[in-house]
Amino acid sequence: MSISEESRNRVNLNVDVRHLARVEGHGNIKVRVVDGQVVEARWDIVETPRFFEVMLKDKHYTAAGILTARICGICSIGHCLASVRATEDAFGVTIPEAAAKLRLLAKHGETLQSHVLHLFFLAAPDFLGLPSAIPLKDVNPEAFALAARLKGLANRVCDVVAGRTTHPVSIQVGGMAKMPDVQTLLELKAGLERGCRDLDAAIELFRTMEIPDFVRETEFVSLKGEREYAFIGGRLLSTDGVERPEASYRVMTNEYVTEENTSKWCKLSRESFAVGALARINNNYHRLHPKARAAAVPFDLAPINHNPFMNNVAQLVECVHVVYDSLRLVDELIGTGPAPIMAEVTPRAGQGVGAVEVPRGILYHDYEYDDQGRVVRANCVIPTTQNNANIHFDLKALAEQFATEGMTDEKLELLCSMLVRAYDPCISCSVH
Amino acid sequence: MDHLRIEKKLPRVAVFDFTGCEGCELQLANKEETLGAFLSAIDVVHFREVSSAEGDDYDVALVDGAISRPDEVERLKAIRQQAKVLVAMGSCACFGGVNRLKNAYDLQEANREVYGDCPKETMPTQAVKHFVAVDLEVPGCPVNKDEIERVVQHLVWDLPLCTFAYPVCLQCKQRFTVCRFDMGELCLGPITRAGCNAPCPAGGLGCWGCRGPAKNPNYQEFFALVKEKGFTERELHDRLGFFGGFEDLL
Ligand code: SF4
Ligand code: SF4
Ligand code: SF4
């Protein structure tokens, strides 16, 4: 036995985190290393189930989006968008072009809001050695102000376009219920321009962030960006080469139930796969705004990147993309002037699917309607549900790599927590 | 720190989440222009969603989410024992919220449908007040940050805490919003408690009553109006039952 093997054999570690902090919802991490061997490495979801698919039954189509927004307080706009898209698919409705632009703008607002919240408030404290971002307001007031400004901008985009940041009101079946006036759009434009400068500062700030050196080969699933960096609808793509139409989402997800978890697990070509910002960039890097691609360079983020901790960087890069793309959309909306934003909607019996890239990855809603426009059957597949198995297997690989001499319970706990946080899991979502 | 020689209390605040979407908690991080001042007025000792610090010496517990599993009841009771002031934050905590909609279905069957052969523990969803005494109720789905700020001002500086007696319509009118009834849509604004500043009608959606009833609403007249405008019993029923605030009417 070599000296290194011998010393490894003396490594005993124990990580037991109940209700991990700085993630949305309730999950537990458990890792045990005995004599250098990883004997247990688990990620378990213990969130209370809410049964949204059951609650959706008999609901009128006008209520489905309002109800499903409540699956998640952070990505309520994404849920509402997937919901109305599924319904429009079932009823054969095509929404007006201006409405599609407004929806994408609202989506961008949500992406920015969620990523900023995650990067500054949930992930950054680990890199700074703080328990939360609250002390940041005294330790680094500029960074706190920067985060608050960017989050404020994101909320403003959502408020103006969707009527509210949490639980939108203007996104309705057939299109949008409201078009912001030109004055408001001009103000938004000024805010976005300032946002571009703020993001430069944010990139500087995060450049010092140390990304743990860890790689596990993974399959990544997202929408396929055919004409643009895709957020709403279209074909589905995996880095292992699987490609399917939106309606075949079940082939891409293969949900199954496990004993210990209230969230389901998913798989595709391997035992697990990943969705989220890193998956989107891995699949659609060349469709990113040039400014976003430039932002990725100093972090060495290029496809296909297999380090899950890089999801933090991927989110930062997406912030750049959505702010620049929002500027484009606002300009186009100002240029178009008054345009129809709501299509005629006639309910009919049928089934429809809506796929939307929410901050944490691809989300699917699938509804079947009766001829009165009431839901007969519903199915929602949540990004974190798709990520849970991957997090679980990542934890094992992470423990195997880092269970070496000098590792302590505290250090390993931090690494494991950071890994889970890098996925930005939305647990209550995954247990809808 | 003294302000005008008034000694400032720094209430130790803890935030706890139960069954819900955590959207109410998220509102605490909103209103960027006052966020710094807001966080300086309180001492956040426990807020799992944003902090890994875990204190249990709090005076004020902000509770969001409804109660839908036996272990949640236990956790809630322990919080009640510790907290001097327990605030139910949001429609889920105050009325059960949308999560109550599942109570209309057979839970065993619901479980089978979602989880197949691996059923998960669950029970009918209830409001927080069903299990413990609640000192302050802040309804809304989500809560309005302004209202949370007023609660904090009340706790820190003893400012009187006003609750809105009048309905959403008053705030809606103040925004010059075109009435949804005039657009041929249903709206619960006339009977719902104000305080949200009527964002839904302004965004093109009739009120769904997330804040529960106003003080002594004129139900009779409202139901007559709804009927006269041609809405069905079922439409009205769907809406009144949505957030749980009008439970007594159903
Ligand atoms: S009241 Fe609404 S926003 Fe608050 S937790 Fe419940 S569903 Fe979410
Ligand atoms: S839209 Fe609703 S809240 Fe506004 S005035 Fe009309 S009934 Fe009242
Ligand atoms: S308008 Fe009605 S549904 Fe909208 S926030 Fe106010 S009370 Fe809630």
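Residues numbered from 1 in each chain as written. Chains lettered and ligands numbered in written order. Predicted model: local features only at pLDDT ≥ 70, side-chain atom pairs only at ≥ 80, totals over all residues. Heavy atoms only, no water.

Draft legend 1. Highlighting the sheet that holds strand S12 (residues 375–381) of chain A. Residue and element names in this part refer to chain A. Taking strand neighbours across the sheet as the criterion, the three strands line up as S10-S11-S12 in an open arrangement whose pairing is antiparallel. Strands at the two margins of the open sheet, each flanked by one partner only, are strand S10 (350–358) and S12. Going across the sheet, the axis of each strand differs from the next one's by a mean of 15 degrees, ignoring polarity. Alignment of strand S11 (residues 361–369) against S12, held across six bridges, turns out to be antiparallel. Bridge pairing in S12 places Asp366 opposite Asn379. Taken strand by strand, helix H4 (residues 76–91) contacts S10 and S11, and its axis lies near 150 degrees from that of S10. (Pairing = 2+ DSSP bridges. Helix = DSSP H or I, 4+ residues; strand = E, 2+ residues; numbered from the N terminus. Axes fitted to C-alpha atoms, helices over the stretch in contact; angles between N-to-C directions. Contact = heavy atoms within 4.5 Å.)

Draft legend 2. Quick peek at the domain arrangement of chain B. All names here are of chain B. If you check the domain split of chain B, you get domain 1 (2–157) and domain 2 (168–245). For domain 1 versus domain 2, the separation of C-alpha centres amounts to 26 Å. Across the boundary between the two partners, domain 1 contributes eleven residues, which contact eleven residues of domain 2. Both faces considered, domain 1 and domain 2 share a buried interface measuring about 930 Å² in area, 54% of it formed by carbon and sulfur atoms. The largest per-residue losses of area from domain 1 upon contact with domain 2 belong to Phe95, Leu101 and Pro139, which jointly make up 40% of the total buried on that side. For the pair domain 1 and domain 2, the interface holds one salt bridge. In this structure, Arg211 and Glu147 form a salt bridge, with 2.9 Å as the shortest nitrogen-oxygen distance. If you look at where domain 1 meets domain 2, you find five residue pairs in polar contact (both at pLDDT 80 or more). Each residue belonging to the side of domain 1 that touches domain 2 can be placed in one class, and the counts come to five nonpolar, four polar and two charged. (Domains from an automatic or database assignment. Buried area = accessible area lost by both parts, 1.4 Å probe. Salt bridge = Lys/Arg side-chain N within 4 Å of Asp/Glu carboxyl O. Polar contact = N/O pair within 3.5 Å; in protein donor to acceptor, adjacent residues only side chain to side chain. Nonpolar A, V, L, I, M, F, W, Y, C, P; charged D, E, K, R; others polar.)

Draft legend 3. Main features of the site of ligand 1. The environment of ligand 1 is made up of Arg70(A), His167(A), Cys21(B), Glu22(B), Gly23(B), Cys24(B), Gly90(B), Ser91(B), Cys92(B), Gly140(B), Cys141(B) and Pro142(B). Residues within reach of ligand 1 are spread across chains A and B. At the level of secondary structure, the elements contributing two or more residues to the shell around ligand 1 comprise helix H1 (23–28) and helix H4 (91–95) of chain B. (Near = heavy atom within 4 Å.)

Draft legend 4. Broad picture of the sheet that holds strand S9 (residues 273–274) of chain A. Residue and element names in this part refer to chain A. Pairing in this open sheet of four strands is mixed, and the strands run S8-S7-S6-S9 from one edge to the other. This sheet does not close on itself; its edge strands, each paired only once, are strand S8 (243–244) and S9. Both strand S6 (residues 219–223) and strand S7 (residues 236–238) contribute to a ladder of three bridges, which runs antiparallel. Directly across from Val221, in S7, lies its bridge partner Ser238. Sheet contacts for helix H10 (residues 277–284): S6, S7 and S9; angle to S6, the most-contacted strand, approximately 80 degrees.

Draft legend 5. How the structure looks around the confidence of the model for chain B. All names here are of chain B. Residues at a pLDDT of 70 or more form 96% of chain B, whose mean pLDDT is 90. Ranking the elements of chain B by mean pLDDT puts strand S1 (residues 2–3) last, at 54, and helix H8 (residues 199–202) first, at 98. Reported for the predicted complex are a pTM of 0.94 and an ipTM of 0.93. (pLDDT = per-residue confidence, 0-100.)

Draft legend 6. Geometry of the packing of H4(A) against helix H5 (residues 97–128) of chain A. Residues and elements named next belong to chain A. In the contact formed by H4 and H5, the axes pass within 9 Å of each other and the chain directions differ by 150 degrees. With respect to H5, the axis of H4 lies roughly antiparallel. You can see that H4 and H5 cross each other, and the crossing is left-handed. Facing Ser76, Ile77, Gly78, Leu81, Val84 and Glu88 of H4, the residues of H5 in contact are Arg103, Ala106, Lys107 and Glu110. Looking at the contact of H4 with H5 residue by residue, the classes come out as four nonpolar, two polar and four charged. (Parallel < 35°, antiparallel > 145°, perpendicular 65-115°, else oblique. Left-handed = near helix turned anticlockwise from the far one by under 90°.)

Draft legend 7. Quick look at the site of ligand 3. The environment of ligand 3 is formed by Arg164(A), Val168(B), Thr192(B), Cys196(B), Pro199(B), Cys200(B), Pro201(B), Cys207(B), Trp208(B), Gly209(B), Cys210(B) and Arg211(B). Two or more chains meet at ligand 3, and those chains are chains A and B. Across the shell around ligand 3, the residue classes break down as eight nonpolar, two polar and two charged.

Draft legend 8. Spotlight on the interface of chain B and chain A. Contacts between chain B and chain A engage 53 residues on the former and 61 residues on the latter. Summing both sides of the interface, chain B and chain A together bury roughly 5,000 Å²; the carbon and sulfur share of this comes to 62%. Taken as a group, Arg48(B), Tyr105(B) and Tyr115(B) account for 13% of the area that chain B buries against chain A, more than any other trio of residues on that side. Our count for the contact surface shared by chain B and chain A stands at two salt bridges. As a salt-bridge pair, Lys151(A) and Glu32(B) come within 3.7 Å of each other at their nearest N and O atoms. Applying the counting rule to chain B against chain A returns 13 residue pairs in polar contact (both at pLDDT 80 or more). Here the residues of the side of chain B that touches chain A sort into 24 nonpolar, 15 polar and 14 charged.

Draft legend 9. Expanded view of unusual backbone geometry. The amide bond that connects Pro303(A) to the next residue, Ile304(A), takes the cis arrangement and shows omega of -10 degrees. Within the secondary structure layout, Ile304(A) lies in the loop between helix H11 (290–296) and helix H12 (311–336). A cis amide bond, omega 0 degrees, links Cys141(B) with the succeeding residue Pro142(B). Relative to the helices and strands, Pro142(B) resides in the loop between strand S7 (136–138) and helix H6 (145–157). Phi is positive for Asp58(A), close to 70 degrees, though the residue is something other than glycine. If you trace the backbone, Asp58(A) turns up in the loop between helix H2 (52–55) and helix H3 (61–69). The phi torsion at Asp158(B) lies on the positive side, around 60 degrees, for a residue other than glycine. By the secondary structure assignment, Asp158(B) is in the loop between H6 and helix H7 (168–174).

Draft legend 10. The packing of aromatic side chains, seen in detail. Summed over all chains, the structure comprises 17 aromatic pairs over all chains. For the ring pair Tyr61(A) and Phe91(A), a centre distance of 5.2 Å and an interplane angle of 85 degrees mean the geometry is edge-to-face. Taken together, the residues Tyr61(A) in helix H3 and Phe91(A) in helix H4 connect sequence positions 30 residues apart. The class of Tyr61(A) is buried, set by a relative accessible area of 12%. A relative accessible area of 3% means that Phe91(A) is categorised as buried. When the ring of Trp265(A) is compared with that of Phe393(A), the centres are 6.1 Å apart and the planes differ by 65 degrees; the resulting orientation is edge-to-face. Taken together, the positions of Trp265(A) in the loop between helix H9 (249–253) and S9 and Phe393(A) in helix H13 (residues 383–402) put the pair 128 residues apart, joining distant regions of the chain. A relative accessible area of 8% means that Trp265(A) is categorised as buried. Through a chain of ring-to-ring contacts, the aromatic side chains of Tyr61(A), Phe91(A), Tyr367(A) and Tyr369(A) assemble into a single cluster. A cation sits over an aromatic face here: Lys267(A) above Tyr256(A), 5.2 Å from the ring centre. Against the face of Phe38(B) rests Lys145(B), its NZ or CZ located 4.2 Å from the ring centre. (Phe/Tyr/Trp six-rings, centres within 6.5 Å; stacked < 30°, edge-to-face > 60°. Buried < 20%, exposed > 50% of the residue type's maximum accessible area, 1.4 Å probe, protein only. Lys NZ or Arg CZ within 6 Å of the ring centre and 35° of its normal.)

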